[in-house]
Amino acid sequence: MRYELHFQDPRVPSTRYFLEEILEELSQARTTEWYGVFAFATAGGIDLVLDDPAVHGFLARGKTDLIVGIDAITDPEALRHLRDAAKAHPGFSARVFTRGAGGLFHPKVARFVRDDGSQVVIVGSANLTSGGLRGNVEAYSVAEFSPDEVPAGALDSWLAFEAARADDLLAITDDVLEQAAANVRERLIRRRRERRAEVAPGEALPPLEDAGEPDDRVLVAEVPKASDRWGQVHFNQDVVHDFFRVRQNSPERLFLVHPEGGALVEEPPRPCVYSTRNKNMK
C-alpha cells in the first residue's frame, strides 16, 4: 500500500497539483475505470481534465462514472460539457445530486481501478473546478492498493449512499440545467449584496467579477511566426525550471495565453515535452 498526503499550494514551487494527480492516473494504459463524487464542478475544471490530450485515450477505452452536486458553485456550462462527453463516449456517464433532506452536498473523492485489480483512491478538499484542480490551497490524500490489499466491503458505504439517494441522483436534463443556472444567479446576487454591505456610504461599488485568482508572476515572450501557426513554443531551461517550475514529460501543465487581435486568448493547457531531436523543451 502507498499513502501520501499533499497540500496543494500554488505559491510553493514543488507543490503537487490535484490536476496532476488525476492526469497521471488517467493517462496510464492500465487504468480502466474512474469513479468520482464532487460537490462542485465548473466548465473550466471539467475542461482541464477532459480536454487534456493525455486523457483522450482513457475516454475512448475506459469507464467513467461521475456525480456532481448542484447546490451552489456548479454552473450549467459544466453540466453541458459532461452531457456532451456522455454522448461522445459510450463508457462515460455523469449524474447530478439534487439536494433532498439534509445539508449541503460536500464530498470530494475519486477512485481509479486498474486492469490488474489494483486501485487508487484520492480524498480531499478539492472539487472539479479550476481553483480546486490548480488554483486554490487544498489538501488531499492518495492511497494506492494492490489487488490483495483492497479491503473487503470497502465500497459498502458508497454503494449504500447511491442506493439510499437514488431519487436524488438525476441525469443531466434541461430541467437540471435550469436548476444549476438558478443556483448561479442566486450566488451572484448574494455576492453583490455582500459587497454592498462592505462599501462605505458614498464609496463606488466595485464591479462584480466571477471567481478568479490574480497572477503575481508574469512572463511576456515573443513567439516567432511559423506558417500562421501558434501551436509550439520553445523555452530555455531557465524559463521552464525557474518560471514555470515544471519538469519535462510529467503530468504538470503550462497555461499559456497569447494576444490575438488586441485581446488575450486563452489556450488549452500544454505539457512540457523534451525533444530528443533538437534538444529543446517545447
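Predicted, not measured: the structure shown is a model, and the values here were computed from it. (Residues numbered from 1 in each chain as written. Predicted model: local features only at pLDDT ≥ 70, side-chain atom pairs only at ≥ 80, totals over all residues. Heavy atoms only, no water.)

1. Describing the pattern of salt bridges
And then number 1: This structure, assessed with the given rule, holds 14 salt bridges.
And then number 2: Residue glutamate 24 is joined to arginine 16 by a salt bridge in which the shortest nitrogen-to-oxygen separation is 2.3 Å.
And then number 3: Assessed through its relative accessible area of 32%, glutamate 24 is described here as partly exposed.
And then number 4: One salt bridge connects glutamate 178 with arginine 185, and the closest N-O pair in it is separated by 2.9 Å.
And then number 5: Accessibility expressed as a relative area gives 45% for arginine 185, which makes it partly exposed.
And then number 6: Ionic contacts of the salt-bridge type, sharing partners, join the residues Arg2, Glu4, Glu25, Arg114 and Glu144 into one network. (Salt bridge = Lys/Arg side-chain N within 4 Å of Asp/Glu carboxyl O. Buried < 20%, exposed > 50% of the residue type's maximum accessible area, 1.4 Å probe, protein only.)

2. Examining the sheet that holds strand E4 (residues 92-97)
And then number 1: Strand order in the open sheet made by the 8 strands is E1-E7-E6-E5-E2-E3-E4-E8, with mixed pairing throughout. The sheet is open, and its two borders are formed by strand E1 (2-8) and strand E8 (169-171), each paired with just one other strand. Ignoring which end each strand starts from, the neighbouring axes of this sheet average 20° apart.
And then number 2: Relative to strand E7 (residues 138-145), E1 is paired through 7 bridges, and the arrangement is antiparallel. In the sheet register, phenylalanine 7 faces E7, and the bridge partner there is alanine 139. (Pairing = 2+ DSSP bridges. Helix = DSSP H or I, 4+ residues; strand = E, 2+ residues; numbered from the N terminus. Axes fitted to C-alpha atoms, helices over the stretch in contact; angles between N-to-C directions.)

3. Considering helix H2 (residues 43-50)
Given 3.6 residues to a turn, an α-helix orients residues that are three or four positions apart in the same direction.
And then number 1: Of all 8 residues that make up H2, 6 are buried, and the element is covered over most of its length.
And then number 2: Within the sequence span of H2, burial applies to Ala43, Gly45, Ile46, Leu48, Val49 and Leu50.
And then number 3: Structurally, H2 contributes buried residues whose contacts are with helix H1 (18-26), strand E2 (31-38), helix H3 (53-61), helix H4 (76-88), E4 and helix H5 (130-135). (Contact = heavy atoms within 4.5 Å.)

4. So, the nonpolar core
And then number 1: Counting 38 residues, the largest nonpolar core has Ile22, Trp34, Leu50, Leu79 and Leu82 as its most contacted members.
And then number 2: With 5 residues, the top contributor of residues to this core is H1.
And then number 3: Once you skip the residues sitting within four places of it in the chain, tryptophan 34 turns out to touch Ile22, Leu26, Val49, Leu50, Phe58, Lys63, Thr64, Asp65, Leu66, Ala110, Arg111 and Phe112.
And then number 4: Counting residues in hydrophobic clusters, the runner-up holds 10 residues, among them Phe244, Val246, Leu256 and Cys272. (Core = buried A, V, L, I, M, F, W, Y, C linked by side-chain atoms within 4.5 Å.)

5. Quick notes on the packing of aromatic side chains
Given two aromatic rings, one states the distance between the centres and the angle between the planes to describe the pair.
And then number 1: Summed over all chains, the structure comprises 7 aromatic pairs.
And then number 2: Within the aromatic cluster, the residues linked to one another by ring pairs are Phe18, Phe38 and Tyr140.
And then number 3: The aromatic ring of tryptophan 158 is capped on one face by arginine 111, whose charged end is 5.7 Å from the ring centroid. (Phe/Tyr/Trp six-rings, centres within 6.5 Å; stacked < 30°, edge-to-face > 60°. Lys NZ or Arg CZ within 6 Å of the ring centre and 35° of its normal.)

6. Points about a nonpolar patch on the surface
And then number 1: On the surface, Met1, Tyr3, Leu5 and Phe7 cluster together to form a nonpolar patch covering roughly 520 Å² of accessible area.
And then number 2: Its location among the elements puts leucine 5 in strand E1. (Patch = residues over 30% accessible without salt bridge, like charges linked within 9 Å, V, L, I, M, F, W, Y side chains within 5 Å. Areas by Shrake-Rupley, 256 points an atom, 1.4 Å probe, with all protein chains shown as cover.)

7. As for the confidence of the model for the protein chain
And then number 1: Model confidence for the protein chain is summarised by a mean pLDDT of 86, while 88% of its residues fall at 70 or above.
And then number 2: Scored below 50 in pLDDT, residues 208-214 makes 11 contacts in the model with residues more than four places away or belonging to other chains. (pLDDT = per-residue confidence, 0-100.)

8. Some words on the side chain of serine 141
And then number 1: With respect to the helices, strands and loops of the structure, serine 141 is situated in strand E7.
And then number 2: With relative accessibility at 17%, the residue serine 141 sits in the buried group.
And then number 3: The residues contacting serine 141, other than those within four sequence positions of it, are Tyr3, Glu4, Leu5, Val121, Ile122 and Val123.

9. Re empty space enclosed by the protein
And then number 1: Taken as a whole and assessed by the stated rule, the structure comprises 1 cavity of 30 Å³ or more.
And then number 2: There is about 30 Å³ of room inside the largest cavity.
And then number 3: In terms of lining, the largest cavity is formed by Phe18, Phe38, Lys108, Val109, Ala110, Ile122, Val123, Gly124 and Ala126.
And then number 4: For the lining of the largest cavity, the secondary-structure elements that each account for two or more residues are strand E5 (108-114) and strand E6 (119-124).
And then number 5: In terms of residue class, the lining of the largest cavity is built from 7 nonpolar, 1 polar and 1 charged. (1 Å grid on protein atoms, 1.4 Å probe; cavity = no way out; pocket = protein on both sides within 12 Å on 5 of 7 lines; lining within 4 Å. Points joined across faces, edges and corners; volume = space filled by probe spheres on them. Nonpolar A, V, L, I, M, F, W, Y, C, P; charged D, E, K, R; others polar.)

10. Overview of the packing of H2 against H4
And then number 1: One way to put it is that H2 packs onto H4 with a least axis distance of 7 Å and a crossing angle of 30°. Relative to H4, the element H2 is oriented roughly parallel. When H2 is examined against H4, the residues Ala43, Ile46, Asp47 and Leu50 are found in contact with a partner set consisting of Glu77, Ala78, His81, Leu82 and Ala85.
And then number 2: For the contact of H2 with H4, a count of residues per class yields 6 nonpolar, 1 polar and 2 charged. (Parallel < 35°, antiparallel > 145°, perpendicular 65-115°, else oblique.)

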